[in-house]
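So you can see what is in the structure, the chains are spelled out below.
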Amino acid sequence: NLYSELEVGNYLLSQKEDDKFIEEHYVDPRNVEITFPEEKRNLVYIFLESMEATYASKDVRGGLDFNCIPELTEIATNYVSFSNTDKLGGPVAVPGTGWTMGGIFGQTSGLPIKNSVGTDDMNQTLGEQMFFSSRVCNLEDILAEQGYRQCFMIGSDVTFGGRKAYFNSHGNCEIWDYYTAVEEGRIPEDYYRWWGYEDEKLFTYAREKLTELSSGSEPFNLTLLTVDTHFEDGYVCDLCQDEFGDDQYANVMACSSRQIAAFIEWIQQQDFYENTTIILCGDHPTMDKNFCEGLDEDYQRTVYNAFINLPEGLNTSYEQTHLRKSCTLDMFPTTLAALGAQIEGDRLALGTNLFSSEETLEEKYGYDEVNDHLRQKSYSYDMLINDI
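Residues numbered from 1 in each chain as written. Predicted model: local features only at pLDDT ≥ 70, side-chain atom pairs only at ≥ 80, totals over all residues. Heavy atoms only, no water.

**Student:** Go over the packing of aromatic side chains with me, naming the residues and quoting the values.
**Tutor:** Following the criterion strictly, the structure yields 24 aromatic pairs and no others. Centroid distance Tyr-166 to Phe-167: 5.2 Å. Interplanar angle 65°. Geometry classified as edge-to-face. Comparing Tyr-166 with Phe-167, the two get one shared label, buried. When the ring of Phe-220 is compared with that of Phe-272, the centres are 5.7 Å apart and the planes differ by 75°; the resulting orientation is edge-to-face. In this pair, Phe-220 sits in strand S5 (residues 220-225) while Phe-272 sits in the loop between helix H11 (248-268) and strand S6 (276-282), placing the two residues 52 residues apart along the sequence. Among the residues examined, Phe-272 registers a relative accessible area of 12% and is labelled buried. Following the ring pairs from residue to residue traces out a cluster consisting of Phe-105, Phe-132, Phe-152, Tyr-166 and Phe-167. Taking the ring centre of Tyr-381 as reference, the NZ or CZ of Lys-114 above it sits at 5.8 Å. (Phe/Tyr/Trp six-rings, centres within 6.5 Å; stacked < 30°, edge-to-face > 60°. Buried < 20%, exposed > 50% of the residue type's maximum accessible area, 1.4 Å probe, protein only. Helix = DSSP H or I, 4+ residues; strand = E, 2+ residues; numbered from the N terminus. Lys NZ or Arg CZ within 6 Å of the ring centre and 35° of its normal.)

**Student:** Requested: an account of the nonpolar core, with residues and values cited.
**Tutor:** As a rule of thumb, nonpolar side chains are buried together in soluble globular proteins. Grouped together as the largest cluster of nonpolar side chains are 64 residues, with contacts concentrated most on Ile-34, Leu-111, Ile-113, Phe-132, Phe-307 and Leu-336. With five residues, helix H13 (residues 331-338) is the largest single contributor of residues to this core. Discounting residues that sit within four places of it in the chain, Phe-307 has contacts with Tyr-79, Val-80, Phe-82, Ile-278, Ile-279, Met-331, Thr-334, Ala-338 and Phe-355. (Core = buried A, V, L, I, M, F, W, Y, C linked by side-chain atoms within 4.5 Å. Contact = heavy atoms within 4.5 Å.)

**Student:** Quick one: what's the story with the sheet that holds strand S7 (residues 305-308), residue by residue and with numbers?
**Tutor:** Spatial strand order, S4-S3-S5-S2-S6-S7: six strands in an open sheet with mixed pairing. Taken across any chain shown, the strands that pair with only one partner, and hence form the sheet edges, are strand S4 (173-176) and S7. Geometrically, the sheet is characterised by an average inter-axis angle of 10° between neighbouring strands, direction not taken into account. Of the pairings in the sheet, the one linking strand S2 (residues 42-48) to S5 comprises five bridges and is parallel in character. Within the sheet, the bridge partner assigned to Leu-43 lies in S5 and is Asn-221. Strands S2, S6 and S7 of the sheet are contacted by helix H4 (residues 70-78), whose axis makes an angle of about 55° with S7. Helix-sheet contacts for H13 involve S2, S6 and S7, and the interaxial angle to S6 is about 160°. (Pairing = 2+ DSSP bridges. Axes fitted to C-alpha atoms, helices over the stretch in contact; angles between N-to-C directions.)

**Student:** Break down unusual backbone geometry for me, with residues and values.
**Tutor:** A cis amide bond links Phe-231 to the next residue, Glu-232, at an omega of 0°. Counting through the fold element by element, Glu-232 comes out in the loop between S5 and H11. The phi dihedral of Asn-172 falls on the positive side, at around 50°, and the residue is not glycine. Mapping Asn-172 onto the fold places it in the loop between helix H8 (163-168) and S4. You can call Asn-172 exposed: its relative accessible area is 75%.

**Student:** Just give me the short version of the side chain of Asp-141, but keep the residues and values in it.
**Tutor:** Along the chain, the position of Asp-141 falls in helix H7 (residues 139-145). Within the structure, Asp-141 has its side chain in polar contact with the side chain of His-170 (distance 2.7 Å). (Polar contact = N/O pair within 3.5 Å; in protein donor to acceptor, adjacent residues only side chain to side chain.)

**Student:** Summarise the pattern of salt bridges; cite the residues concerned and give the values.
**Tutor:** Enumeration over the complete set of coordinates arrives at 17 salt bridges. Between Arg-324 and Glu-363 there is a salt bridge, with its nearest N and O atoms 2.6 Å apart. Residue Arg-324 is found in the loop between helix H12 (318-321) and H13, and its partner Glu-363 is found in helix H14 (residues 361-365); the two are separated by 39 residues along the sequence. By relative accessible area, which is 8% here, Arg-324 ends up buried. Here the residues in one salt-bridge network are Arg-149, Glu-174, Lys-209 and Glu-212, joined through shared partners. (Salt bridge = Lys/Arg side-chain N within 4 Å of Asp/Glu carboxyl O.)

**Student:** Account for the packing of helix H10 (residues 199-214) against H11, naming residues and giving values.
**Tutor:** Any two packed helices are characterised by how steeply their axes cross, that is the angle between the axes, and by the distance between the axes. Running from N to C, H10 and H11 cross one another at 15°; their axes reach a closest spacing of 11 Å. Classed by the angle they form, the pair H10 and H11 counts as roughly parallel. H11 is crossed by H10, and the crossing has right-handed handedness. Here Asp-199, Glu-200, Phe-203, Ala-206, Arg-207, Leu-210 and Thr-211 of H10 come into contact with H11, specifically with Gln-259, Ile-260, Ala-262, Phe-263, Trp-266 and Ile-267. For the contact of H10 with H11, the per-class residue count stands at eight nonpolar, two polar and three charged. (Parallel < 35°, antiparallel > 145°, perpendicular 65-115°, else oblique. Left-handed = near helix turned anticlockwise from the far one by under 90°. Nonpolar A, V, L, I, M, F, W, Y, C, P; charged D, E, K, R; others polar.)

**Student:** I'd like a rundown of the pairing of strand S3 (residues 149-154), residues and numbers included.
**Tutor:** The element S3 is largely enclosed, with a buried count of five among its six residues. Looking at chain direction, S3 and S5 are connected through six bridges and run parallel. When the sheet's bridge partners are listed, Ile-154 is paired in S5 with Leu-225. Across four bridges, the pairing between S3 and S4 is parallel. Opposite Met-153, over in S4, you have Trp-176 as the bridge partner.

Honestly, that's just the spatial picture; any functional story needs more than this.
Take a look at the structure:
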C-alpha cells in the first residue's frame with residue numbers, strides 16, 4: 001500500500017529516535033581557540049540567489065550545453081574556488097540548507113535548519129520569531145568579538161523567512177533592507193519590483209555602504225544577498241539582454257553574472273581592497289522546476305563559490321581545492337580561514353576548514369550517510385536551536 005511504499009513508518013520512527021550524529025560531530029566555536037591576525041581583514045560576503053556551478057558549460061564541468069555565467073566562471077577559474085570535480089564545481093547543499101534562510105544559516109553557523117516543530121512553512125514560522133538560534137555561536141558573533149562593524153544588506157523585506165530574527169540574534173549586525181531604502185528616500189514608497197528592489201540598486205547601495213564602512217577605523221563585514229535570480233524564471237531588469245532568446249532564466253543569470261563581476265571590479269579599484277577578502281557563494285541550488293531538466297544522469301549539482309584576495313599562507317593548491325567532497329556548512333570555518341584566522345582543529349559546528357588537511361564530514365562518511373543523519377531527529381540539536 002501507499003503507506004509502506006513511501007516508508008512512512010520508517011520516517012515516523014526516525015523522528016522518535018535520537019540520532020547522535022550531530023551531538024558527536026558538533027564542535028562548539030566557543031570551545032575553540034580562534035586566532036586572528038594583528039591587522040584584521042575586511043569581509044565582503046555575497047550570497048548569490050540560487051547560483052549553481054551547473055549554469056556553466058559542460059567543457060568546464062558545468063551542466064549545460066552553453067554558459068550563462070561566463071564572468072562568474074572566469075572568476076572561479078582565476079581565483080580560488082572549491083570544486084567536487086577537476087574543473088568547476090562546489091559544495092552540495094545538505095538537508096536543511098536548500099532554501100535561502102537555510103543557506104544563510106548553514107554558511108554562517110555550520111548547522112542546517114531542521115524542522116523540529118513540524119511546521120508546514122518554515123519561512124512563516126521563522127518570520128514570526130523575534131530571535132532565532134541565540135544559543136548558537138556563528139560567524140557574526142565571532143567577528144563582533146573581534147571588533148568588526150557588520151551590515152546585512154538585501155533588496156527584500158528582511159523579516160521574511162526569519163532573516164531579521166537571525167541577524168538580530170547575532171553579532172550586533174546592522175540590517176539594510178527594502179524598507180530601509182524607502183525610509184531613507186532611495187526609492188518611492190510605492191516602488192516595488194520582484195521581491196522589493198532589484199539587484200542593480202542593491203549594488204549601488206552596497207557601493208555607498210562600503211565607502212562608508214571603509215572610512216571608519218574598524219574592520220568590517222558587509223554581507224549581501226542578491227534576489228533577481230530567484231525562481232521562477234528570475235526578474236528581467238533594465239540591464240538584461242536577450243543573448244539566450246526565450247530562455248528568460250538564462251538571460252537573468254547572465255545579467256547577474258555581469259553585475260557581480262562589475263561590482264567586484266569596482267571593489268578592486270578602491271583603497272580598502274588590499275585588505276579585503278571577497279567571498280561569493282550561492283545560497284542554495286535553484287528551485288526552478290524547468291531550468292535544470294535534461295542534465296546528464298550522473299551530474300551532481302553544486303553551489304557556486306569563489307574566494308577573492310586571500311591572505312598569504314593558505315593552501316590554495318589545485319590538489320587542495322579540487323576533487324573535494326564538501327557541503328555549504330563548511331563555508332563557516334572556511335570563511336574565517338579566508339580572513340587569516342587560525343582555527344584550532346580546523347572544525348567549527350559541523351563544518352570543516354577547506355583550506356586545511358582535515359577531512360570534511362562528506363569525505364569521511366560520504367554524501368548519502370551525512371544527509372541521512374541530518375534528516376533524523378536530534379535532541380542535542382533541538383536544545384541548541386532553542387528558540388523555534
